[in-house]
Amino acid sequence: MATRPRISPPTATVLDTLESTLGAKPTRHELAMLSLPELDQLAGVLDEFWLTQANEAIPDGASLVGGWRSAYGSEPSFREDLSDSLLYYPKLLLLDPLANFFDNRSALPAPRGIRYRRCDGVDNVLHAGAQIWSRDGSYESLRESPVAAAARLAGIVNNLYALEGLIGDGVVVLRSQWPILARRRVQLETAVRHDVASKELQDFIASIPPHTIGPTSWDNLQGLSLSLSDPIRPADEKWRAEPFFYYIDKMLAIADAFDAQYVPSSDVDLALLRKKVTVGAHRLHPDAMLREVSRIAVPSIEVPVRQAAAIRKSSSDFEDWRSALRNIQRGASADSADELRQRVEDELRPRVNKVRRDLESSSLKDLVRTEGTGVIIDGAFGFAVSAATHQPFWGATAAVSSGVLQWIHKAYTRARPTGADAVLTTLIRDPR
């Protein structure tokens with residue numbers, strides 16, 4: 001049986017630093033009441049923490065999933081994508097949303113003016129780029145309204161505490177991108193100049209159909225390419241693609257700084273990466289495949305983050321589960337949406353049905369999830385999977401005597417699922 005890769009103990013997190021600075025775990029209301037001087041002080045302390053943290057590689061590496069997922073993975077609207085990632089990658093690197101709130105954008109390239117010549121010979125100049133786009137929702141943009149700034153901070157921290165267990169376990173790793181962008185500013189500027197001058201990369205950008213969403217241009221934008229109807233100055237034409245190149249270069253720089261691997265989150269970003277990188281070590285984030293797996297394995301449109309985190313704790317069983325998903329993904333690389341759905345049906349449905357039949361014929365028959373039932377599993381495990389790790393079930397039954405717990409443990413340590421089937425047992429088991 002495969003063994004689970006060793007994951008080194010996590011170091012201090014941004015939540016640890018936040019609690020140390022404020023004296024205790026803050027409530028959302030307490031954060032929303034912070035004054036402007038208190039916000040400034042907190043920003044200074046966190047900035048020192050992020051500078052120190054920027055010197056630390058992530059033990060055992062991590063996956064930096066691109067696009068909105070990396071910068072907004074803690075937001076409730078992206079929990080579905082986060083749970084997908086947790087079911088696939090051993091460790092995730094997210095861009096610290098607190099660092100993005102208190103960002104120092106001085107290292108970002110200045111907005112380059114793209115000139116469009118009017119019929120009267122005068123230029124209209126259009127400015128775009130990371131310095132402009134990164135400002136939205138930042139402390140800098142809200143500082144004149146301390147109430148709004150504190151409320152935004154409170155919302156970000158509240159979202160992070162929803163992932164507190166994952167962050168504390170080192171499964172979700174948060175890092176500030178800003179020290180890296182500052183330290184590697186010269187290298188990034190050089191890389192972008194080479195990309196802008198590359199005929200192959202420019203041809204790739206030009207080949208993207210006009211009504212297709214293009215590559216990611218910033219953490220919160222994909223495919224944005226503004227233009228005016230007037231003729232563009234020829235010397236400026238190639239610089240319209242600069243934001244796309246800067247984004248991919250900065251993601252590669254961040255991943256390199258923390259010993260992580262950048263994983264594109266869209267087909268077009270993957271294609272752009274392939275143009276830049278000749279080694280085949282990068283994989284597309286498997287969101288479409290995992291959505292199909294979730295649909296087959298559980299009668300729900302999503303797998304909650306709590307459940308995805310719980311599944312990971314099944315030790316080597318989780319590794320077998322990820323291996324099974326990788327096998328499906330490799331075979332489905334050229335599948336259409338319908339072909340992908342059929343492949344997942346063919347490969348997972350028989351396995352799911354067998355596990356369901358086994359559960360229904362066991363003492364757990366009343367706990368089998370039926371079609372239409374919502375999927376909610378807390379941090380504790382079901383009998384079958386927790387027994388597989390030789391740990392007694394410490395849920396609602398923990399109040400009974402130790403003798404009863406021993407009986408329960410014995411009753412559910414008979415024939416039990418292992419490997420990917422143990423994970424499926426967790427997925428289709430009702431948590432009642």
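The residue numbering used here restarts from 1 in each chain and proceeds along that chain's sequence as written. Where local features are concerned, this predicted model is filtered to residues with pLDDT of at least 70; where side-chain atom pairs are given and counted, the filter is 80 or more; whole-chain, interface and lining totals use all residues. Hydrogens are left out, water is left out, and the side-chain values use all remaining heavy atoms of the structure.

Asker: Sorry, what's going on with the overall build of the protein chain here?
Answerer: Looking only at helices and strands, the protein chain has 23 helices and eight strands in total. Every one of the 432 residues in the protein chain was classed for burial, and the buried ones make up 47%. We call two residues contacting when some pair of their heavy atoms lies within 4.5 Å. Excluding contacts between residues fewer than 6 apart, the proportion of contacts in the protein chain whose partners are at least 24 apart in sequence is 78%. Method for areas: the Shrake-Rupley scheme with a 1.4 Å probe, in which residue coverage is limited to the protein chains shown. Of the roughly 20600 Å² of accessible surface on the protein chain, a fraction of 52% belongs to carbon and sulfur atoms. Secondary structure follows DSSP: runs of H or I at least 4 residues long count as helices, runs of E at least 2 residues long count as strands, and numbering of each begins at the N terminus. In this scheme, a residue with accessible area under 20% of its type's maximum is buried, one over 50% is exposed, and one in between is partly exposed, where area comes from a 1.4 Å probe on protein chains only.

Asker: Sorry if this is basic, but what is going on with the packing of aromatic side chains here?
Answerer: Where two aromatic rings form a pair, the distance of their centres and the angle of their planes describe that pair. Any Phe, Tyr or Trp ring, taking Trp's six-membered ring, that has another such ring centre within 6.5 Å forms a pair; planes under 30 degrees apart are called stacked, those over 60 apart edge-to-face, and the others tilted. All told, the structure shown has five aromatic pairs when counted by the stated rule. Summarising the aromatic geometry, the rings of F101 and Y139 are spaced 5.7 Å apart at their centres and angled 50 degrees between planes, so their arrangement reads as tilted. In this pair, F101 sits in helix 6 (residues 97–101) while Y139 sits in helix 8 (residues 139–142), placing the two residues 38 residues apart along the sequence. Like F101, the residue Y139 is buried in the burial classification. Geometrically, the ring pair formed by W178 and W218 is tilted, given 6.4 Å between the ring centres and 45 degrees between the ring planes. In this pair, W178 sits in helix 11 (residues 178–183) while W218 sits in strand 6 (residues 216–218), placing the two residues 40 residues apart along the sequence. As a reminder, the over-ring test applies to NZ of lysine and CZ of arginine, requiring each to be within 6 Å of the ring centre and within 35 degrees of the ring normal. Over the face of the ring belonging to F258 we find R175, whose NZ or CZ atom lies 5.5 Å from the ring centre. One Lys or Arg, K250, reaches over the ring of W218 and ends 4.5 Å from the middle of that ring.

Asker: Help me understand helix 13 (residues 199–207) in this model?
Answerer: For an α-helix, 3.6 residues make a turn, and residues three or four places apart therefore share a direction. All of the buried residues in helix 13 are L201, Q202, F204 and I205. Considered in projection along helix 13, the buried side chains sweep an arc of 155 degrees and stay on one side of the axis. Exposed residues pointing more than 90 degrees away from the buried face of helix 13 are listed as K199, A206 and S207. Looking at the buried residues of helix 13, the elements they touch are helix 12 (185–197), helix 15 (242–257) and helix 16 (267–276). The directions from the helix axis to the C-beta atoms form the arc being described.

Asker: Sorry if this is basic, but what is going on with the side chain of N100 here?
Answerer: With respect to the helices and strands, the residue N100 is situated in helix 6. The definition of a polar contact used here is a pair of N or O atoms within 3.5 Å, where within protein one atom must be able to donate a hydrogen and the other to accept one, and adjacent residues in sequence count solely through side-chain atom pairs. Reaching out from N100, the side chain makes a polar contact with the side chain of W178 at a distance of 3.1 Å. With residues up to four places along the chain from it excluded, the contact list for N100 reads A71, L95, S138, Q177 and W178.

Asker: Is there a simple way to think about the pairing of strand 2 (residues 92–95) in this case?
Answerer: On a regular strand, one side chain projects to one face of the sheet and the next to the other, so that they alternate. Side chains L92 and L94 of strand 2 all project onto a buried face; the interleaved residues L93 and L95 project onto the opposite face, where all are buried too. Strand direction decides the pairing type here: strand 2 and strand 5 (residues 172–175), joined by four bridges, are parallel. Each residue of the ladder has a partner; that of L94, found in strand 5, is L174. For two strands to be treated as a pair, DSSP must find at least two bridges joining them.

Asker: Where do I start with the nonpolar core in this structure?
Answerer: In globular proteins that are soluble, nonpolar side chains generally tend to be buried together. Only buried Ala, Val, Leu, Ile, Met, Phe, Trp, Tyr and Cys residues count toward a nonpolar core, and they belong to the same one when joined by side-chain atoms within 4.5 Å. Within the largest apolar cluster, 98 residues are counted, with the highest numbers of intra-cluster contacts made by V14, L86 and L153. Residue contributions to this core peak at 10 residues, all from helix 15. Excluding its chain neighbours within four sequence positions, the residues that come into contact with V14 are L46, F49, W50, D96, L98, L160 and L174.

Asker: Would you explain the environment of A71 in this entry?
Answerer: Tracing the backbone through its elements, the reader meets A71 in helix 4 (residues 68–72). Exposure remark for A71: the relative accessible area of 5% places this residue in the buried category. It is 9.8 Å that separates the C-alpha atoms of A71 and L93, two residues lying 22 residues apart in sequence. Excluding residues that lie within four positions of it along the chain, A71 makes contacts with L95, P97, N100 and D219.

Asker: How should I be thinking about the pattern of salt bridges in this particular structure?
Answerer: Any two side chains of opposite charge can pair, so long as their charged atoms come close to each other. What counts as a salt bridge is simple: a side-chain nitrogen of Lys or Arg found within 4 Å of a carboxyl oxygen of Asp or Glu. Scanning the model with the defined rule gives 10 salt bridges in all. Taking the shortest distance from any N to any O, the salt bridge between E164 and K25 comes out at 3.0 Å. Within this pair, whereas E164 is found in helix 10 (residues 164–168), its partner K25 is found in the loop between helix 1 (14–22) and helix 2 (28–32), the two being separated by 139 residues in sequence. Of the residues examined, K25 reaches a relative accessible area of 47% and is grouped as partly exposed. Several salt bridges converge on common partners, so that one network encompasses R105, R135 and E140.

Asker: Where do I start with the packing of helix 5 (residues 79–88) against helix 18 (residues 305–312) in this structure?
Answerer: Helix-helix packing: each pair is described by the crossing angle between the helix axes and the interaxial distance. Interaxial angle, 0 to 180 degrees, is taken between N-to-C directions of lines fitted to C-alpha atoms, where a helix line uses only the stretch in contact. At their nearest, the axes of helix 5 and helix 18 sit 8 Å apart, and the two run at 10 degrees to each other. The orientation of helix 5 with respect to helix 18, classified from their angle, is roughly parallel. In this structure, helix 5 contributes R79, L82, S83, L86 and L87 to the contact, and helix 18 contributes V305, A308, I311 and R312. Here the contact of helix 5 with helix 18 is composed, by residue class, of six nonpolar, one polar and two charged. Each angle receives one of four descriptions, namely roughly parallel if under 35 degrees, roughly antiparallel if over 145, roughly perpendicular if within 65 to 115, and oblique otherwise. Under the scheme applied here, ten amino acids are nonpolar (Ala, Val, Leu, Ile, Met, Phe, Trp, Tyr, Cys and Pro), four are charged (Asp, Glu, Lys and Arg), and all others, including Gly, are polar.

Asker: Help me understand the confidence of the model for the protein chain, please; the structure alone is not making it clear to me.
Answerer: Close inspection of predicted coordinates is inappropriate in any region flagged by low pLDDT. Of the residues in the protein chain, 70% reach a pLDDT of 70 or more, and the chain-wide mean stands at 75. Confidence scores here are pLDDT values: one per residue, from the predictor, ranging 0 to 100. Throughout residues 1–10 the model reports pLDDT below 50, and contacts reaching past four residues in sequence, or to other chains, amount to 21 contacts. Within the model, pLDDT remains below 50 along residues 371–414, and this stretch shows 66 contacts once partners closer than five positions in the same chain are excluded.

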